[in-house]
Amino acid sequence: DVGNLYARDCELGEEIWTFKDDGRFYNGPSIKNGALYFGVHGGSMYSLDIKTGNEIWKVKTGGSVCFPPVFNNGLGYAQSHDRNLYIFDLQDGAIKDTISGDYWMCGVPSIANKHVYYPDWGGNLSSYDLKERKNEWTFHTGSNSQRYTCATITDKTAYFVASDSTLHAIDLTSGTEIMSFKAADKITRSPEITENFIALTTSQSHFYVIDKNNGKVLWDYESEGTTNSHPIIVDNVVYFGSGNGTFFAFDIQSGEKLWEIKLGTAINTPFFYENALYFSSGKYVYRID
C-alpha cells in the first residue's frame, strides 16, 4: 500500500498493527529474528519489531530502496537507486560497507559461496567477492535495461532475467553464459527453480515451464491480462496469478490444470506458509488452505 505496512493475524485476518511512512512501499518486508526489514521510496530503510510494529531503527540512503534486504551472518544487503548496494548491521542499521556501480540498483541481491550477486539497470548481473572485497565478473545482456528482480542461484548457476525477454543461465565461477531462453514477451519476475524445472511468467500472460538442463519449453499456458505474479512451486504443484484476476494451480510435470479461482482483479505473488497460500488481489489479502 502507499505509505502503509500492515500486520494481520494469519488465522483470523484481523489487523494487529499498521506502520505509516510518507514514502511508497513497493514490496513486503524481510523477516529475521523477530524483526522486519524493508525499504521505501525516498530512500529510507527500516527495522520494526514484528510483534508491535515499533521502529527499532531507521537509516537514510541516497535513493529509493524498492526491495527488502537479504541476510548473511548478521548483516543485511539492500540495493538503492543511488547506485549503491548497502551492507548493514541488522541490530542497529549501521552501514558496514557499500558496493558502488554505474547504474541504478533496483532488485534483490543473492548471496552464495561467499559472494553477492546483484542486478542493475544497465542490464548487468555482477558477482562481488565478499572476502576479497572486489568485483569478480559482470555479465551484460547486451542492452541497457531496467532490472527489478533478482538472480535465482543454484549450486553452480545464476538464472538471471533481463528485460529483453530473455532468461540467462550464468556460470557462477566464470560469469559466462551456459544457456538462454527467449520468451514471447517481456519477463518481469524472477524464475522459480527446482531440480529439473524452471517456471516463469511474462507480462503478457504466458506461463512457461522449461527443462532446466537444456532450456526447452516443456509446456506453456497462456492466460489473459498483464501478469505480475512470480510463480511458486510446492510439492510438484506450481501456483501463480494472472492479470485478469485468476489464481491457478498446475501439475508441474504434466501441465495439467488442477484448479483455478477467479477473483476479477490482478493477483500479486503468492506466499506459502504453514500449509496455506497467501496473496493479494485488489484491496484484499486472501488465504487458501
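Report follows, based on the coordinates. Note on numbering: residues in each chain are counted from 1, in written sequence order. At least 70 in pLDDT is required for a residue's local features to be given in this predicted model, at least 80 for side-chain atom pairs to be given and counted, and no such filter applies to totals for whole chains, interfaces and linings, which use all residues. Water and hydrogen atoms were dropped before computing side-chain values, which therefore reflect all heavy atoms in the structure.

### Observations regarding the pattern of salt bridges
By definition, a salt bridge exists where a carboxyl oxygen of Asp or Glu is found within 4 Å of a side-chain nitrogen of Lys or Arg. A full pass over the atoms with the stated rule returns 6 salt bridges. Linking Arg 8 and Glu 15 is a salt bridge whose minimum nitrogen-to-oxygen distance equals 3.6 Å. Two residues, Glu 260 and Lys 262, come together in a salt bridge whose shortest N-O distance is 3.3 Å. Throughout, exposure labels follow a simple rule: accessible area from a 1.4 Å probe, protein chains only, divided by the maximum for the residue type, with under 20% read as buried, over 50% as exposed, and the rest as partly exposed. By relative accessible area, which is 30% here, Glu 260 ends up partly exposed. Each of the salt bridges in this network shares a partner with another, and the network as a whole consists of Glu 11, Arg 287 and Asp 289.

### Digging into the packing of aromatic side chains
Any pair of Phe, Tyr and Trp rings, taking the six-membered ring for Trp, is counted once the centres come within 6.5 Å. Such a pair is stacked with planes under 30 degrees apart, edge-to-face with planes over 60 apart, and tilted for the rest. As enumerated under the stated definition, the model contains 25 aromatic pairs in all. Consider the rings of Phe 19 and Phe 38, whose centres lie 5.9 Å apart with planes at 70°: the pair is edge-to-face. Of the two residues, Phe 19 sits in strand S2 (residues 15–20) while Phe 38 sits in strand S4 (residues 35–39), which places them 19 residues apart along the sequence. Between the aromatic rings of Phe 279 and Tyr 286, the centroid separation amounts to 5.6 Å while the plane-to-plane angle is 25°, which identifies the pairing as stacked. Under the relative-accessibility criterion, Phe 279 is labelled buried at 4%. Owing to a relative accessible area of 27%, Tyr 286 belongs among the partly exposed residues under this scheme. Secondary structure counts use DSSP, requiring at least four H or I residues in a row for a helix and at least two E residues in a row for a strand, with both numbered from the N terminus.

### Observations concerning the sheet that holds strand S6 (residues 55–60)
The rule for pairing is simple: two strands pair if DSSP sees at least two bridges between them. Judged by pairing direction, the sheet is antiparallel, and its 4 strands sit side by side in the order S3-S4-S5-S6 without closing on themselves. The strands lining the two open edges of the sheet, one partner per strand, are strand S3 (30–32) and S6. Within this sheet the neighbouring strands show an average axis-to-axis angle of 20°, counted without direction. Taken together, the 3 bridges between S3 and S4 define a ladder with antiparallel strand orientation. Residue pairing across strands places Lys 32 opposite Ala 35, the latter belonging to S4. Note on geometry: axes are C-alpha line fits, over the in-contact stretch for helices, and angles between N-to-C directions span 0 to 180 degrees.

### Remarks on the state of the cysteines
Note that a disulfide, as used here, is simply two cysteine sulfur atoms within 2.5 Å. Inspection of every chain in the model, using the stated rule, returns 0 disulfides. No disulfide involves Cys 106; its nearest neighbouring cysteine sulfur is the one of Cys 66, lying 4.0 Å away. Exposure remark for Cys 106: the relative accessible area of 3% places this residue in the buried category.

### So, unusual backbone geometry
The backbone of Asn 33 sits at a positive phi, close to 50°, despite the residue not being glycine. Note on placement: Asn 33 falls in the loop between S3 and S4. Positive phi values are uncommon outside glycine, yet Asn 73 reaches one of about 55°. Residue class for Asn 73 comes out exposed when judged on its relative accessible area of 73%.

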